[in-house]
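Chains, contacts and geometry: an overview
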Amino acid sequence: MLNDGDRDSQTICAVSTPHGVGGISVVRISGSQSLEITRKVAGFLPLKIESHKVYYGTIKNPYTHEDIDEVVVAYFQKGRSFTGEEVLEISCHGSPQICQSILNTLITLGASSASKGEFTYRAFMNGKVDLVQAESVLELIESQSAKAQKLALRQLKGKLSQHLEDLEDKLIWLMAHIEAGIDFSSEDLDLVSAQVVNEKLVEIENSLKSLVDSYRVGRIMRDGVTVALAGCPNVGKSSLLNLFLEEDRAIVTSVAGTTRDVISGDINYNGLKLTFLDTAGIRNHTSDIVEQIGIKKSREAHSEADIVLFVFDLLVGIRPEEEELLSQLMESNIFIIGNKLDQVKEPTLAPGFEKLMRYMNTSKRNLFFLSALDQSARPQILKEISSSLFQADMQDQVLLSNVRHYENLSKALSNMASCRRLVSEGLGAEFLAIELKEALIAIQETLGKRFDDQVMDRVFKEFCLGK
Amino acid sequence: MKMSPYDIIVVGAGHAGVEACLASARLGLKTLVVTTNLERIAYMSCNPSIGGLAKGHMVREIDVLGGQMGFAADETCIQFKRLNASKGPAVRGTRVQSDKQLYSEHMTNQLTRHPNISLLQGEVKRLILEKDLCVGVVLHDGSEIYGKAVVITAGTFMNGVMHIGLTQTQGGRVGDKASVGLSNQLADFGFSVRRLKTGTPARLHKDSIDWSKTLAQYGDNNIYPFSFKSERQLKLPQIACYLSRTTEKTHEIIRANLDKSPMFCGNIEGVGPRYCPSIEDKVTRFADKESHQTFLEPEGLNSNLIYLQGISTSLPEDIQYEFLKTIPGLENVKIVRPGYAVEYDVIEPTQIWHRLETRTIRQLFLAGQINGTSGYEEAAAQGLVAGVNAAHSVLGREEFVLARDQAYIGVLIDDLVTKGTNEPYRMFTSRAEHRLVLREDNTIDRLAEIATKFSLIDTMSVDILMELKKRREIMMDKLQTERLFPVSETQAKLARLGTSELLKPVSFEELLRRPEVSCIGLCELGFEMDMDPNVSEPVEIEIKYSGYVKRQLELIAQSKRLEELRLSETLAYSEIRGLSTEEVDKLSRIKPRTLGQAQRISGVNPSAVQAIMIYLKGHKKLKELSLVGEGGSIS
């Protein structure tokens, strides 16, 4: 990457709307020669062209003089466009052939085909967006669900940046007061009291903590949620998988141990991507080597999943092996599902049912009785899964979804925790200053306000530049 | 008249000039000092004290690098104080009050007795230039003096104008006339010259003060001299300073007379220091503050003059009388010399290299207030660096540049040549991003080797420093290897020290890490330590704060990556995409040595540094960013 140094001086173009047939497609062209090149295909553009105005006309091939399409061309002058460069956007009819034809013509005339993220990269380089915003553009392009899209859009609008800048301000204010206390200690200044310093420290720490905590939800919104089905053999996990996926993905038989490998499938529920994993049933004594490997994989899947659906057979009840498995899943976000409701009269009378009590939350909202063969059970469980992940007020909250942001801010958070310790131990203000400085660096690095070549290398790997 | 050529000509004999000529003389070069007044060598024109927060650090650095300031201050100390003693070790600063007259005499003797130094009273009117090479100076009487390099330390004298009320007088200091011509010549040559301002308070007669209404402030009993050459015993009797405060009435009088203040009626265009405001400034900007403190500091053991710290002013003398009389203790005050403001020319310091040579005139070096700084210590530090570099350039040796993580002097000069300054620049500990490792106590560890490498100190000094370093290492080694065992006798002693019992054998080092255990405590546990605080203190601090020191070192290592990326002087910034016009302009002008320096230039954004990096990577010019310092610089 970054090897072709002249790349940045080239004029680039690409179709900026999704692939496929649509009403309208937009071809974007950015760079110092944008207007010059576009004029050659759009002879209708006036000599005195105005920024942020659109012009209607017909695009022609400059060599064959054949009409390509009727279009609307928007012009953005240098410094007032998304990339900060001279930009033209050609809105044409949404046919892949027309788009390709326009692109090919532009390229023949000297433009280059833009790489993934290159417009954003230029916007960032020209100071039009900050790093968090640049990253969210990429996430927006790649988002796989409505929730991910909404989150990325929120960040593009600068919600997270605003929040971080607010924290940055607070840190700088605090640092200024602490430094003044050091350098002007003999000059009779009215310095803020230790109590005010403490309050500010706590305020910043809490703010960082809620951001760091939001990563769990933010990540789920972006990447979706993984749900693993766990339980003993032959309790109906594969039937449940098929129920959720609404297709016969897993082979279902009455033979215990049919599922050997982890089988997965995705669904989209209310804008949230859910990936279900069906795993081999856990049993302690099996001589089958393949099944043993499957069981090992199951345990891995359980520990990596965001949610575990523990399934048991209401006819059989809770066996010692299942109790053991449940205790291993104590750390997980767990739902307990009694299957084969159609075959029992009173599910709470299942053998060993009382043993379940300690694995249930107080409201018992994670306990379900159902039959995997009954379609109506599906929406009920999906709704519960979804609402267990998101609180109602989260819609407009600032959330972290990027691992780089998460790592940086976790670091800043630990600096703030150290500050609290330093204050209680009564260590010198210059040590406090070091913690605050490190926290500030972490926040500024997140925003891209601070240059670090290693961070930049990491970020620009995602931009996939150069050819 | 044409005189025989010198190696080095130093113009000015203030705190910068003195260190500059001593440095070049120590390196064996024939050095001439030209000053307008031989009676005022190393004269303290303002406060009668040396050191302070961050400044004390620089004095110790100057000392280890062979300079004279620290020793002179020790010899003439009449009050010793360690500031911020209650704060952490890195931000403690030594400050002494010196007998002003004795200090000047001490330095005068150093100069007159040095076989390589000649002194000449006279005013330098202009430089002798051969194209872009400086070869000498022309004096007021037209005589020409030739030298291989010239160091200018003009202080506040270039086009100096003093203000008392609305009266203006040519001059750089009361009793001394301004030097006219030099800055005009530099401006004509293309240098950007700007105007700064500073001020000084009134001097009072000590017999006119009612001391009973003031509060005596004594110095410390524990003495940590600046110089490694000094004994831990002060030579002169110690005196007190006296604290008093302004009153509402004081402020009323000042406010009512602002129209007579040259600052407020626009007579002064020069920018003053924000951190050292005049009393007019204080009562205007902090109007709701009822009172400001002032220290009454004797200027010497045999002096009748009292310096009024914190009350610098340029109001007319009658108004000064009027408001001073409202300060408790000063009801019948007699002013010996009123306070005044002085405006002077400085050369925008981004026009000089780190070695303090100007970028456009070779063999011309600038040091001190001429570079926009304020303070004796800042001046002396630059004087030393300029003197060494002037000598080295004559001798054809490598340049002498200190890095930001090595010394406050490195921070000072890098800030000046990288960022420039809009106001008189004073050093603060917060300017040093590597503050925890730039301590007063470890100055020797930081700089002794460099001083030896550049032959800045004589062999006797080298021996003293190396001996101290070695004893520190021995003590550190003992602490790390000797262990204490959990036997009942030990546990009882630990309990007496107020610390918890041992669970397993530990080294003395581990024990010393406990906040409640000190080196003295270790002695009670049977540790035989070096009782010289010059040895034990830095070792103790190093151990106690090793966690943070380590983190600071990691941060330094990180920033080093950018410091190691050297930028060619011929880099065409205008070709780099993503740089604003302002950034191109600044980068082209300052020509940063490294990417790290580029990042520190004010107005150059981080995105610009990215752009430069990407440009260089793209053009495969990284090879040009050689990791080897040009001329073997040690930065």
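This structure is a prediction, so every number in the text was calculated from the model and none was measured. The residue numbers shown here count from 1 along each chain, following its written sequence. Think of it this way: whatever chain is written first is A, whatever ligand is written first is 1, and the rest follow in order. For this predicted model, a pLDDT threshold of at least 70 governs which residues receive local features, and a threshold of 80 or more governs which side-chain atom pairs are given and counted, while totals over whole chains, interfaces and linings are taken from all residues.

1. Digging into the overall build of chain B
How we decide: Numbering of helices and strands runs from the N terminus; a helix is a DSSP stretch of H or I covering at least four residues, while a strand is a stretch of E covering at least two. This radius of gyration counts C-alpha atoms alone. The globule rule is 2.2 Å times how many residues there are, raised to the power 0.38. Partly exposed residues are those falling between the two cut-offs: more than 12 but fewer than 20 other C-beta atoms within 10 Å of their own, whereas 20 or more means buried and 12 or fewer means exposed, with C-beta atoms placed from the backbone. Here, residues touch in the contact sense if the C-beta positions derived from the backbone fall within 7 Å of one another.
Within chain B, the secondary structure is distributed over 20 helices and 22 strands. Here chain B has a C-alpha radius of gyration of 26 Å; the compact-globule value for 635 residues is 26 Å, and the two agree. Counting only C-alpha atoms, chain B reaches 80 × 75 × 55 Å along its principal axes. Going through the 635 residues of chain B one by one, you find that 53% of them count as buried. Looking at chain B alone, contacts between residues at least 24 apart form 73% of all its contacts between residues at least 6 apart.

2. A closer look at the overall build of chain A
Counting secondary structure elements, chain A contains 14 helices and twelve strands. A compact globule built from 467 residues would reach a C-alpha radius of gyration of about 23 Å, whereas chain A, at 29 Å, exceeds it by more than 25%. Projecting the C-alpha coordinates of chain A onto the three principal axes gives extents of approximately 85 × 80 × 40 Å. Split into buried and exposed, the 467 residues of chain A put 40% on the buried side. Counted over contacts in chain A with a minimum sequence separation of 6, partners at least 24 positions apart contribute 68%.

3. A few points about the sheet that holds strand 7 (residues 225–231) of chain A
Residues and elements named next belong to chain A. So the rule is basically this: Any two strands with at least two DSSP bridges between them are considered paired. To obtain an axis, a line is fitted to C-alpha atoms, over the contacting stretch when the element is a helix, and the angle between two such axes runs from 0 to 180 degrees between their N-to-C directions.
The six strands lie next to each other as 8-9-7-10-11-12, forming an open sheet whose pairing is mixed. Single-partner strands in this sheet number two, and they are strand 8 (263–269) and strand 12 (367–369). In this sheet, neighbouring strand axes are inclined to one another by 25 degrees on average, regardless of whether the strands run parallel or antiparallel. Taken together, the five bridges between strand 7 and strand 9 (residues 272–278) define a ladder with parallel strand orientation. Bridge pairing links Val 227 to Phe 276 in strand 9.

4. Remarks on the confidence of the model for chain A
Where we set the bar: Confidence of the predictor at the level of single residues is given by pLDDT, which spans 0 to 100.
When pLDDT is averaged along chain A, the result is 83; 91% of the residues meet or exceed 70. Between residues 1–5 of chain A, whose pLDDT stays under 50, and residues either more than four places distant or in other chains, the model counts 18 contacts.

5. A word on the interface of chain B and chain A
Note the following rule: Note on residue categories: nonpolar means Ala, Val, Leu, Ile, Met, Phe, Trp, Tyr, Cys or Pro, charged means Asp, Glu, Lys or Arg, and polar means any other residue, Gly included.
The partner chain A presents 28 residues to the 33 residues of chain B that form the contact. If one sorts the elements of the side of chain B that touches chain A by residue count, helix 20 (residues 606–618) of chain B sits on top with ten residues. Across the side of chain B that touches chain A, the residue classes break down as 14 nonpolar, 13 polar and six charged.

6. With respect to helix 2 (residues 96–108) of chain A
Given 3.6 residues per helical turn, the α-helix brings residues three or four places apart onto the same face. Residue and element names in this part refer to chain A. Worth spelling out the cut-off: Between the first and last residue of a helix there are one fewer steps than residues, each counted as 1.5 Å, and that sum is the expected span. In this description, the arc belongs to the directions extending from the helix axis to the C-beta atoms.
Over its 13 residues, helix 2 runs 18 Å from end to end, which matches the ideal 18 Å to within 8%, given 1.5 Å per residue. Taken as a whole, helix 2 has its buried residues at Cys 99, Ile 102, Thr 105 and Leu 106. Projection of helix 2 onto a plane perpendicular to its axis shows the buried side chains occupying an angular sector of 130 degrees, all on one side. Opposite its buried face, helix 2 presents the exposed residues Gln 97 and Gln 100, each directed more than 90 degrees away. Taken together, the buried residues of helix 2 touch strand 1 (12–15), strand 2 (24–30), helix 1 (34–41), strand 3 (53–60), strand 4 (67–76) and strand 5 (87–93). Count one or two residues on from helix 2 and you reach Gly 110, which has phi positive near 120 degrees.

7. So, the pairing of strand 1 (residues 6–11) of chain B
All names here are of chain B. Defined as follows: With the strands pointing away from the viewer, any crossover whose connection runs clockwise from the first strand over the helix to the second is right-handed.
Among the six residues in strand 1, six count as buried, and that is most of the element. With five bridges joining them, strand 1 and strand 9 (residues 144–152) adopt parallel strand pairing. Residue pairing for strand 9: Tyr 6 is matched across the bridge by Gly 147. In the sheet, strand 1 pairs with strand 2 (residues 31–35) via four bridges, with the strands oriented parallel. Across the sheet, the residue bridging to Val 11 is Val 34, located in strand 2. One crossover worth recording links strand 1 to the parallel strand 2 by way of helix 1 (residues 15–26), and it is right-handed.

8. As for the pairing of strand 17 (residues 305–309) of chain B
Residue and element names in this part refer to chain B. When strand 13 (residues 203–205) meets strand 17, the two strands line up antiparallel, connected through three bridges. The partner of Leu 204 across the bridge, within strand 17, is Ile 306. Looking at chain direction, strand 16 (residues 293–298) and strand 17 are connected through four bridges and run antiparallel. Its bridge partner being in strand 17, Phe 295 is matched across the sheet by Gln 309.

9. Quick word on the packing of helix 12 (residues 459–481) of chain B against helix 16 (residues 533–544) of chain B
All names here are of chain B. Counted only if it meets this: An angle counts as roughly parallel when it lies under 35 degrees, as roughly antiparallel when it exceeds 145, as roughly perpendicular when it falls between 65 and 115, and as oblique in every other case. Take the far helix as the reference: if the near one is turned anticlockwise from it by less than a right angle, the crossing is left-handed, and if turned clockwise, right-handed.
Orientation of helix 12 relative to helix 16, taken along the N-to-C sense of each, is 50 degrees, at an axis distance of 9 Å. Relative to helix 16, the element helix 12 is oriented oblique. Here helix 12 runs over helix 16; the crossing is right-handed. Across from Leu 468, Arg 471, Arg 472, Met 475, Met 476 and Leu 479 in helix 12, the residues of helix 16 making contact are Asn 534, Val 535, Ser 536, Pro 538, Val 539 and Ile 543. Split into classes, the residues belonging to the contact of helix 12 with helix 16 amount to eight nonpolar, two polar and two charged.

10. A word on helix 8 (residues 317–324) of chain B
All names here are of chain B. Turning to helix 8, its buried residues number three or more, namely Ile 319, Gln 320, Phe 323 and Leu 324. The buried side chains of helix 8 occupy one side of the element, clustering within an arc of 130 degrees when seen end-on. The elements touched by buried residues of helix 8 are helix 6 (248–256) and strand 18 (335–337).

11. Quick word on the sheet that holds strand 2 of chain A
In any sheet, the strands associate via hydrogen bonds between backbone groups, in a parallel or an antiparallel arrangement. Residue and element names in this part refer to chain A. Spatially, the six strands line up as an open sheet ordered 3-4-5-2-1-6, and their pairing is mixed. Edge positions in the sheet fall to strand 3 and strand 6 (112–113), since each has one partner strand and no second. Across two bridges, the pairing between strand 1 and strand 6 is parallel. The residue of strand 6 that forms the bridge with Cys 13 is Ser 113.

12. Here we look at the confidence of the model for chain B
Parts of the model with low pLDDT should not have their predicted coordinates read in detail. All names here are of chain B. Taken residue by residue, chain B gives an average pLDDT of 90. The fraction at 70 or more is 96%. Ignoring residues within four places in sequence, the model shows residues 621–635, a span with pLDDT below 50, making 21 contacts including any to other chains. Prediction confidence for the complex, expressed as pTM and ipTM, is 0.77 and 0.80 respectively.

13. Concerning the nonpolar core
Heads up, the rule is: Take the buried Ala, Val, Leu, Ile, Met, Phe, Trp, Tyr and Cys residues, join any whose C-beta atoms are within 7 Å, and the set you get is a nonpolar core.
By size, the foremost hydrophobic cluster in this structure holds 255 residues, and its most contacted members are Phe 310 of chain A together with Val 150 and Val 151 of chain B. Tallying contributions element by element places helix 13 (residues 429–447) of chain A first for this core, with twelve residues. Beyond its immediate stretch of four places on either side in the chain, Val 150 of chain B contacts Ile 9, Val 11, Leu 127, Cys 134, Val 137, Gln 363, Leu 364 and Phe 365 of chain B. In this structure, Leu 204, Leu 315, Leu 324 and Leu 330 of chain B belong to the second largest nonpolar core, which totals 21 residues.

14. Some remarks on the packing of helix 12 (residues 403–425) of chain A against helix 13 of chain A
Residue and element names in this part refer to chain A. Contact pair helix 12 / helix 13: the axes reach a minimum separation of 9 Å and the direction vectors enclose 165 degrees. Compared by their axis directions, helix 12 and helix 13 come out roughly antiparallel. Crossing hand, helix 12 versus helix 13: left-handed. Across the interface between the two elements, His 405, Asn 408, Leu 409, Lys 411, Ala 412, Asn 415, Met 416, Ser 418, Cys 419 and Leu 422 of helix 12 pack against Phe 431, Leu 432, Glu 435, Leu 436, Glu 438, Ala 439, Ala 442, Ile 443, Glu 445 and Thr 446 of helix 13. Residue classes in the contact of helix 12 with helix 13 are distributed as eleven nonpolar, five polar and four charged.

15. Focus: the environment of Val 316 of chain A
Residues and elements named next belong to chain A. Within the fold, Val 316 resides in the loop between strand 10 (307–313) and helix 10 (320–328). With 16 C-beta atoms packed within 10 Å, Val 316 lands in the partly exposed category. A C-alpha to C-alpha distance of 59 Å links Val 316 and Val 15, two positions 301 residues apart in sequence.

16. Re unusual backbone geometry
All names here are of chain B. Backbone geometry at Lys 131 places phi at a positive 55 degrees, although glycine is not the residue there. Among the secondary structure elements, Lys 131 is positioned in the loop between strand 7 (124–130) and strand 8 (133–139). Among the residues examined, Lys 131 registers 6 C-beta atoms within 10 Å and is labelled exposed. With a phi angle near 60 degrees, Gln 363 is a residue other than glycine that sits in the positive phi range. Structurally, Gln 363 is set in the loop between strand 19 (340–347) and strand 20 (364–366). For Gln 363, a count of 22 C-beta atoms within 10 Å gives the class buried.

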